[in-house]
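Spelled out, the chains give:
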Amino acid sequence: MNFTVPVCWTGEVDGNRFPFDGYQTMQQNTYIERMIDLSDPEGNIFLNMSSEEAVEAVASGDAQRIGQIDGQFALVQKQGKLVRMARSIGRPLRYFLAKQAAGPCLVVAERIDELKAFLDQEGLGDQFHPSYTRMVPAHYLVELGLIGCPDPNPTYTRFFDPTRNHWSTDLDEIGAAYIGILADECNRWLDRVDSDEPLGVLFSGGIDSGSVFLVLHHLLLQRGESPARLKAFTLSIQGASPDATQAARFLAELDMSLFLEPVEVNTEEIDFRDAVRIIEDYKPLDVQSATMAVAICRGIRQRYPDWKYLVDGDGGDENLKDYPIEENPELTIRSVLNNLMLYQEGWGVDAVKHSLTYSGGQSRGHVRTYAPARAFGFFGFSPYALPNVIAVAEGIPFVELTDWDHQRLYTLKGEIVRRGMEAVTGIRMPIFEKRRFQNGIVSESLFRELFPAEEADYRAVFAQMY
């Protein structure tokens, strides 16, 4: 029996109260809420606790406890009618709230297509649209109450809030701290990887991939393990890649050329549409980068069917704010230096321009690296994107060190990493001019052949998927 009455009442879930106004259709039977978690626990990397302890931290709803999780993770827990979700930058996590006669049905997964497939299977596909999916923003505890119709908006509680500008202006001190924490995190990761497994680094000879490679090489020697486990995989398209030339020069200068392994790809194998489908996004820079990531991951997989682990330098640019501000009309150097983790999180969950479907900054864009690796069966590791490493970077007094000067900001990254590498590993690392991944693989003319100039073309490919 159903009946409609005017109501102004409050629902409560675990102490959280949700007000409702207007007319609600109430049923004599109780709502039955469902939560389906399709995320893969094997994709999590916990560096300082067990998976059980990390799950308990999220289940507790205590942001301080969640902030103590060190690693690359995406976690979901249901407590009664309240669902809690949390993730780091290194793993995506999406959800979709569907309606059934018996009550709400929350589906959680890494990917949009996984959500759609489940809804289709359950006969709920007519409710689906990709823009109705929601991305859990990195570094926030998201709490969603499954209490009926209408369900309330989720609440967001920050669990990672690093202290800014706490270092001195001594670049030697900053470099040692920054590369020191990078090495600590890589060492903890190596503790969790079988010592017989080979390790591949997606390598361009740039500052980030170069430092990750040299840190891993240094750690393997320290641990008494063979550095022959390492390979520096470099993408080369038709034998004419600026990155391949740079990578060879980088390793030659350090007498490490034996670690280099170019992955040769023909232009016919490069299709940005594949990348759109794999990353489920349409932002041109991310699609272009992902296109090259797809090419190198496919090439490695064809060559090594059983290879598991790939490491990358993604996050290094964001940490040290090394993007050309002039290319983005929405940014100024003051907005970049004055806002906490702007490049990692975008404008933040409370901002007008925050995307509920995609999140913001690297919280959105990291999928350009993560998704291609997963698509080809690799376990990826991005140490620069770990909270502990980001925390050290956020402590750098960028304003004092640059006095708001763009060029001083752009040269700062090389100085910090070079000094840090020498302090931690004893190696004086070669530093080359920055290039985006996609721009370092092909010539300018070939780039124009491979990629559309307008975002609308990328959006059109994405729209055709659904």
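All values derive from a computational prediction rather than experimental measurement.

The subject of this paragraph is the overall build of the protein. Looking only at helices and strands, the protein features 18 helices and 17 strands. On C-alpha atoms alone, the protein measures out to a radius of gyration of 23 Å, which is about the 23 Å that the 2.2 N^0.38 rule sets for 466 residues. Expressed as lengths along the three principal axes of its C-alpha atoms, the size of the protein is roughly 80 × 50 × 45 Å. The buried share among the 466 residues of the protein stands at 56%. Accessible surface computed for the protein: about 19800 Å², of which carbon and sulfur atoms make up 48%. Separation of charge centres in the protein, based on 44 positive and 67 negative side chains, amounts to 2 Å.

Let's shift gears to unusual backbone geometry. The phi dihedral of glutamate 280 is positive, around 55°, even though this residue is not glycine. As for its position among the elements, glutamate 280 is in the loop between helix H7 (272–279) and helix H8 (284–303). Although it is not a glycine, tryptophan 404 sits at a positive phi angle of roughly 65°.

This part takes up the side chain of serine 335. Along the chain, serine 335 turns up in helix H10 (residues 333–338). Setting aside chain neighbours within four positions, we find serine 335 in contact with Leu342 and Trp347.

This part takes up the nonpolar core. By size, the foremost hydrophobic cluster in this structure holds 61 residues, and its most contacted members are Tyr178, Trp189, Phe213 and Leu216. Considering each element in turn, this core owes the most residues, 11 residues, to helix H4 (residues 171–191). Apart from residues no more than four positions distant in its own chain, leucine 216 is found in contact with Cys186, Trp189, Leu190, Val201, Leu230 and Val311. Ranked by size, the runner-up nonpolar core spans 48 residues in total, among them Phe96, Ile279, Ile300 and Phe451.

A few words on the sheet that holds strand S6 (residues 74–79). Taken in spatial order, the 4 strands of this open sheet run S6-S7-S11-S12, and their pairing is antiparallel. Either end of the sheet is taken by a strand with one partner, and the two such strands are S6 and strand S12 (155–158). Each strand axis lies, on average, 20° off the axis of its neighbour in the sheet, ignoring direction. Of the pairings in the sheet, the one linking strand S7 (residues 82–87) to strand S11 (residues 140–145) comprises 4 bridges and is antiparallel in character. Paired with valine 83 across the bridge in S11 is leucine 144. Seen against the sheet, helix H1 (residues 51–60) touches S6 and S7 and runs at an angle of roughly 55° to S6.

A separate point is helix H3 (residues 112–121). For H3, the complete set of buried residues consists of Ile112, Leu115, Phe118 and Leu119. Here the buried residues of H3 occupy an arc of 135° about the axis, which is enough to place them on one side. Residues of H3 that are buried in the fold lie against strand S3 (34–37), strand S8 (94–100), strand S9 (103–109) and helix H18 (455–464). Glycine 123 sits one or two residues past H3 and shows a positive phi near 75°.

Turning our eyes to something else, we now look at empty space enclosed by the protein. Scanning the entire structure with this criterion turns up 4 cavities of 30 Å³ or more. What the largest cavity holds in volume is close to 70 Å³. If you go around the largest cavity, the residues you meet are Gln72, Leu202, Leu310, Asp312, His366, Thr369, Tyr370, Ala373, Gly380, Phe381 and Ser382. Among the elements of the structure, helix H13 (367–375) and strand S17 (379–381) are those that each provide at least two residues to the lining of the largest cavity.

Turning our attention to the packing of H4 against helix H16 (residues 406–425). Viewed as axis vectors pointing N to C, H4 and H16 meet at an angle of 70°, and their least axial separation amounts to 7 Å. Classed by the angle they form, the pair H4 and H16 counts as roughly perpendicular. Here H4 runs over H16; the crossing is right-handed. Contact residues: Leu171, Asp172, Ile174, Gly175, Ala176, Tyr178, Ile179, Gly180 and Ala183 in H4; Leu412, Glu415, Ile416, Val417, Arg419, Gly420, Met421, Ala423 and Val424 in H16. Partitioned by chemical class, the residues of the contact of H4 with H16 number 12 nonpolar, 3 polar and 3 charged.

Below, the discussion takes up the state of the cysteines. Cysteine pairs can be covalently joined through their sulfur atoms, and such a bond is termed a disulfide. The tally for this structure, following the rule as stated, stands at 0 disulfides. You can see cysteine 186 has no disulfide; the closest cysteine sulfur is in cysteine 297, sitting 18 Å from it. The class for cysteine 186 is buried, based on a relative accessible area of 0%.

Right, let's talk about the confidence of the model for the protein for a bit. Atomic detail in the predicted coordinates should be set aside for any region of low pLDDT. When the pLDDT values of the protein are averaged, the result is 91; 92% of them are 70 or greater. Below pLDDT 50 for its whole length, residues 1–14 participates in 43 contacts with residues either more than four positions away or in separate chains. Note on residues 16–29: pLDDT is under 50 here. Beyond four places in sequence and across chains, it has 46 contacts.

The rules we used
Residues numbered from 1 in each chain as written. Predicted model: local features only at pLDDT ≥ 70, side-chain atom pairs only at ≥ 80, totals over all residues. Heavy atoms only, no water. Helix = DSSP H or I, 4+ residues; strand = E, 2+ residues; numbered from the N terminus. Rg over C-alpha atoms; globule rule 2.2 N^0.38 Å. Buried < 20%, exposed > 50% of the residue type's maximum accessible area, 1.4 Å probe, protein only. Areas by Shrake-Rupley, 256 points an atom, 1.4 Å probe, with all protein chains shown as cover. Lys, Arg positive; Asp, Glu negative; His and termini not counted. Charge placed at Lys NZ, Arg CZ, Asp CG, Glu CD. Contact = heavy atoms within 4.5 Å. Core = buried A, V, L, I, M, F, W, Y, C linked by side-chain atoms within 4.5 Å. Pairing = 2+ DSSP bridges. Axes fitted to C-alpha atoms, helices over the stretch in contact; angles between N-to-C directions. Arc of directions from axis to C-beta. 1 Å grid on protein atoms, 1.4 Å probe; cavity = no way out; pocket = protein on both sides within 12 Å on 5 of 7 lines; lining within 4 Å. Points joined across faces, edges and corners; volume = space filled by probe spheres on them. Parallel < 35°, antiparallel > 145°, perpendicular 65-115°, else oblique. Left-handed = near helix turned anticlockwise from the far one by under 90°. Nonpolar A, V, L, I, M, F, W, Y, C, P; charged D, E, K, R; others polar. Disulfide = S-S within 2.5 Å. pLDDT = per-residue confidence, 0-100.

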